[in-house]
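Analysis of the macromolecular model
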Amino acid sequence: MMNVGIVSYGAYIPRYRIKLENIAAVWGADGQSFINGLQVKEKSVPDLDEDTVTIAVEAARSAIKKQNIDPSRIGAIYTGSESHPYAVKPTSTIIAAAVGAEPVLTAADFEFACKAGTAAIQTCMGMAGSGMIDLGLAIGADVSQGAPGDALEYTAAAGGAAYIIGTSDLVAVIEDTYSFTTDTPDFWRREGMPYPEHGGRFTGEPGYFKHVTSAANGLMEKIGTKPSDYDHAVFHQPNGKFPQNAAKMLGFTMDQIKTGLVVPMLGNTYSGSCMIGLAAILDEAKAGERIFMTAFGSGAGSDAFSITVTDKIEEIRNKAPTVKQLLENPIYLDYATYAKHKNKIKV
Amino acid sequence: MTVSRFWRKIPHRYNLIGTHCTTCNEYYFPPRQMCPNCRRDGNIESHKFEGNGEVVTYTVIHSAAKGFEMQTPYNLAIIKLDEGASLTAQVICHRDEMRIGMRVHSVFRKLGEESEKGMIYYGTKFVPD
Amino acid sequence: MRDVAIIGASYTKFGELWDRSLRDLIVEAGVAAIGDSHIQGEEIDSIYVGNMSGGRFVEQEHVGSLIADYVGLARELHVPATRVEAACASGGLALRQAILAVASGYDDIVVAAGVEKMTDVDMNTATDALAAAADREWEGINGATFPGLYAMIARLHMHKYGTTSEQLAEVSVKNHFNGSMNPRAQFQNKITVDTVLNSVMVADPLHVFDCSPITDGAAAVVVASADIAKKYTDTPIYVKATAQASGTISLHDRVDITTLDASVVAGQRAFKMAGMTTDDIDLLEVHDCFTIAEICAIEDLGFFKKGDGGRATAAGETALGGNIPVNTSGGLKACGHPVGATGIKQAVEITEQLRGTAGGRQVDGANVGMTHNVGGSGGTAAVHIFSRDR
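Computed from a prediction, not measured in an experiment: that's the story for all the values here.

Basis of the calculations
- Residues numbered from 1 in each chain as written.
- Chains lettered and ligands numbered in written order.
- Predicted model: local features only at pLDDT ≥ 70, side-chain atom pairs only at ≥ 80, totals over all residues.
- Pairing = 2+ DSSP bridges.
- Helix = DSSP H or I, 4+ residues; strand = E, 2+ residues; numbered from the N terminus.
- Contact = placed C-beta atoms within 7 Å.
- Nonpolar A, V, L, I, M, F, W, Y, C, P; charged D, E, K, R; others polar.
- Domains from an automatic or database assignment.
- Buried ≥ 20, exposed ≤ 12 C-beta atoms within 10 Å, placed from the backbone.
- Core = buried A, V, L, I, M, F, W, Y, C linked by C-beta atoms within 7 Å.
- Axes fitted to C-alpha atoms, helices over the stretch in contact; angles between N-to-C directions.
- Parallel < 35°, antiparallel > 145°, perpendicular 65-115°, else oblique.

Our next topic: the pairing of strand β8 (residues 120–128) of chain B. Residues and elements named next belong to chain B. In this structure, strand β7 (residues 103–113) lies alongside β8, joined through nine bridges in antiparallel fashion. Across the sheet, the residue bridging to Val104 is Pro128, located in β8. Once β7 ends, the chain turns through six residues before running back antiparallel as β8.

Here it is as structure tokens:
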């Protein structure tokens, strides 16, 4: 495949947070045990006027700003989310208008639970790598919903990241990608239903771990690498425990995953999860360093990527907010205000 | 607001695209096709504003306009963009932070929606620098 | 241009008038004004009626025809009737159109009326209908309300000139005091500065008591050529000036947000037409849709320096017994603000004052009065000057 990779990237995280202990208090649960069990302390909450579209736009604009990209070069926009505000009418066309990429481009919205954004990256890789387009914009963004009182409520968060994929002026080369996909109903949401359903413990081994390890091992075998070849690794982060366990199972160390492990302060941003983790790594990675990313989406599938940072990474430092900066200065909400922000109160 | 009325002004609302009269060099946002200084002698071109400006005056609205009840109370301000044009927009911050002269920059947010079934209106608001 | 005079004037009770419809109100005001003028219906050459939003409030447009018909002037007499709209200045503009029709020589006797029926919709809908007086595309869509726009004027006025919330409140206190002597006023209760400051905040810094209410009501005046006025009345009230000016529709495009240039220019045009200055005016009816609006009005019309309106009000200079009484009717705040009717009601108040029939509200020796009517946040202003002398 032609040399293809990341030309620029950007992330966006809303400023509001709620602490897990505040959620637990409402439901009469033991907050500390949830914090320990999930290894998450707090999660992000969208503002009343934010949604997947606004988050995606801010992330995309951030990516464009970092490299001063001419938006007319963008030939494709794909936004992956499980909380697109319209069931029919693509988020991606609104983004096209908001970044000035209209009208000569193709666009569509993706859905694959938490890995819709990485699926978009793979699509853009193919389109750019084959010469079909000059640049592709792949976004993963969500304002995910957890049913009140359900386990998922503790981690369902809001955020997104955007990647501009191309074949030249790369800040990171994507050497290869490998996916493992099966029909595994570990977590789903029916059309019209406000909250998702999940299979409880079934989401672990047959879901997350089977697919993540299969895709990760499959990629390393295909390209002949091993965990110690990488400086950083990032796995889908539905909570703090799963990516740490996956790392152990595959032979990655805690040191390798620590930069990309954003979930303790952020929660699970679903389609944004891996992609924000990767952005956190790119914010700090040095030229020549290698990154291993494996996303997971329920339903189920995993996309694994082997990435090498180029020396161009220094050029785009600090031209737009880093993940660290986006995590700073949070505004904490109580449960009632959080419920209002998440439209859990029916008016 | 109807579909076509909103759609017509999408680039202007999303991207702060206004106009500029090259005859007298005045910048206009919201966009004006007729320069009040030059009228038919004016030469109007499109102009994309940077989105940086300062708060000229503001209020905190406690009795919301129709459709804005959930956000109440919200900050409404007149912001003078650096290029010279002034516009009305919401400023997202705690009401105690609002100051005349405060520097702000633009962000992309939801302005509202027609109804639960209807169109969602996106546009530009401002946050403190 | 011929001289014009008011020969008849009246307005209905202003308030929440549940059993009165739009047409009930206008018939009542029209018939009373025509009766007061001692003319016969057949003598009416045309009608101008100010009405901001029959459509949004009672789903009724074509208000000119409706009114001509229901006051009995359509089916047999076919009197021309024109609805005039300029948001809250609809009445002032209808008055001006009537005056111009007579002044031009085209008509001899014209009725200028105004009506608004606002309480048939819920408060939210009423407020939204009023917001159409602002720039819908660029102010409304961001959640701007009328109190919000005037609150921004107040905030800047306070920042630039040191005007205080207490001074704003004094406008409301004064107007309620005046309204307590006006049996047609919506509110007849006297209030204090604390009443205002303790009332709920609507749009910082304006409280509920800084804002004029939602009101039903109608008003009408009969204007005639001055040459024939004495046939009908012993006290014709002469129109010394009629002036109108437009300003930017949106507040953000205003050159100075604390100055409504439309008011300034309309005022200047009026003084020029009448050959008068502020010294010649004995009393004012100004557009106090919000307390800050009255303060800006008395500054913009030239009665006080820009920034001095708050101090002057608090010092009692615009009180009933002050140097220049303002809003003896109770203003929009206490008398009420049925949008289309206000501009005409102001003319009725001046008429009663100049005739000496204002009862407890009478300003001694009132000879010359001025009315000031504004649309939106200053997109339109209409200013009139009336005198006992021709």
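Each partner contributes residues to the interface: chain B has 14 residues there, and chain A has 14 residues. Only α2 (10–15), β7 and β8 of chain B provide two or more residues apiece to the side of chain B that touches chain A. Residue composition of the side of chain B that touches chain A, by class: nine nonpolar, two polar and three charged.

What follows deals with the domain arrangement of chain C. Residue and element names in this part refer to chain C. Under the domain assignment used here, chain C contains domain 1 (4–122 + 215–237) and domain 2 (143–212 + 239–387). Between the C-alpha centres of domain 1 and domain 2 there is a distance of 23 Å. Opposite the 40 residues of domain 1 that make contact, domain 2 presents 33 residues. Listed by contribution, the elements that provide at least two residues to the side of domain 1 that touches domain 2 are β1 (4–11), α4 (90–103), β4 (109–116) and β7 (217–225). With nine residues, α4 is the largest single contributor of residues to the side of domain 1 that touches domain 2.

The next thing to look at is the arrangement of the chains. No other pair of the two pairs of chains in contact has as many contacts as chains B and C. For chain A and chain C, which are not in contact, the least C-alpha distance works out to 12 Å.

A few words now on the environment of Arg20 of chain C. All names here are of chain C. Positionally, Arg20 belongs in the loop between β1 and α1 (22–37). A tally of 20 C-beta atoms within 10 Å means that Arg20 is categorised as buried. When the C-alpha atoms of Arg20 and Ala94 are compared, they prove to be 22 Å apart, with 74 residues separating the residues in sequence. The contacts of Arg20, once residues within four sequence positions are left out, are Leu25 and Asp216.

Attention shifts here to the nonpolar core. Ranked by internal contacts, the top residues of the largest apolar core, which has 276 residues, are Ile165 of chain A together with Ala112, Ala113, Val221 and Val223 of chain C. In terms of residue count, helix α6 (residues 146–161) of chain C provides more of this core than any other element does, nine residues in total. Leave out the neighbours within four places in its chain, and Ala113 of chain C touches Ile26, Ala29, Gly30, Ile47, Val49, Ile67, Ala94, Ala218, Ala219, Ala220 and Ile344 of chain C.

So, on to the interface of chain B and chain C. The interface is formed by 26 residues belonging to chain B together with 27 residues belonging to chain C. Residue assignment for the side of chain B that touches chain C shows that the elements contributing at least two residues are β4 (52–61), β5 (74–81) and β6 (86–91) of chain B. Sorting elements by how many residues they give to the side of chain B that touches chain C places β4 of chain B first, with six residues.

Residues and elements named next belong to chain A. Read across the sheet, nine strands follow the order β5-β4-β6-β7-β1-β8-β13-β12-β11 without closing on themselves; strand pairing throughout is mixed. Both edges of this open sheet fall to β5 (106–110) and β11 (232–235), since each of them pairs with a single strand only. Each strand axis lies, on average, 20° off the axis of its neighbour in the sheet, ignoring direction. Across eight bridges, strand β12 (residues 290–297) lies against strand β13 (residues 299–309) in antiparallel orientation. Across the sheet, residue Ile291 finds its bridge partner in β13, namely Ile307. Sitting on the sheet, helix α4 (residues 91–99) touches β4 (74–80), β5 and β6 (135–143), and the angle it makes with β4 is about 135°.

Let us look at unusual backbone geometry. The peptide bond linking Phe29 of chain B to Pro30 of chain B adopts the cis configuration, its omega dihedral lying at 0°. Cis geometry is adopted by the peptide bond preceding Pro205 of chain C, which originates at Asp204 of chain C and carries an omega value of 10°. One can find Pro205 of chain C in the loop between β5 (201–203) and β6 (206–207). One non-glycine residue, Lys89 of chain A, lies in the positive phi region at around 135°.

A few words on the sheet that holds strand β9 (residues 283–285) of chain C. All names here are of chain C. The strand order across the open sheet built from nine strands is β3-β2-β4-β7-β1-β8-β11-β10-β9, with neighbouring strands paired in mixed fashion. Single-partner strands in this sheet number two, and they are β3 (81–84) and β9. Here the strands of the sheet are splayed against their neighbours by 25° on average, with no regard to which way each runs. Of the pairings in the sheet, the one linking β1 to β7 comprises seven bridges and is antiparallel in character. Residue Gly8 lies in a different strand from β7, and its bridge partner there is Val222. Against the sheet, α4 makes contact with β1, β2 (46–50), β3, β4, β7, β8 (237–246), β10 (368–375) and β11 (380–387), and its axis sits at roughly 170° relative to β4, the strand it touches most. Here helix α10 (residues 261–274) sits on the sheet and contacts β8, β10 and β11; the angle it forms with β8, its principal contact strand, is near 145°.

Next up on the list: the pairing of β6 of chain A. Residue and element names in this part refer to chain A. Among the nine residues in β6, nine count as buried, and that is most of the element. Along β6, one buried face is formed by Leu135, Leu137, Ile139, Ala141 and Val143 and the opposite face, lined by Gly136, Ala138, Gly140 and Asp142, is buried too. Bridge analysis of β4 against β6 gives six bridges, and the strand direction is parallel. Each bridged residue has a counterpart across the sheet, and for Tyr78 the counterpart in β6 is Ala138. Relative to strand β7 (residues 158–166), β6 is paired through eight bridges, and the arrangement is antiparallel. Bridging from a neighbouring strand, Val143 pairs with Ala158 of β7.

This brings us to the packing of α4 of chain C against helix α14 (residues 339–355) of chain C. Residues and elements named next belong to chain C. With their axes 5 Å apart at the nearest point, α4 and α14 run at an angle of 55° to one another. If you check the angle between α4 and α14, you find them oblique. Here Ser90, Gly91, Gly92, Ala94 and Leu95 of α4 lie close against α14, whose contacting residues are Val339, Gly340, Ala341, Thr342, Gly343, Ile344 and Ala347. For the contact of α4 with α14, the per-class residue count stands at six nonpolar, six polar and no charged.

This next bit is on the domain arrangement of chain A. Residues and elements named next belong to chain A. You can read the domains of chain A as domain 1 (5–171 + 316–341) and domain 2 (173–314). Facing 51 residues of domain 1, the contacting portion of domain 2 comprises 47 residues. Among the elements of the structure, β1 (5–12), β3 (42–45), α5 (116–129), β6, β7 and α11 (323–327) are those that each provide at least two residues to the side of domain 1 that touches domain 2. The leading source of residues in the side of domain 1 that touches domain 2 is α5, at six residues. In terms of residue class, the side of domain 1 that touches domain 2 is built from 26 nonpolar, 16 polar and nine charged.

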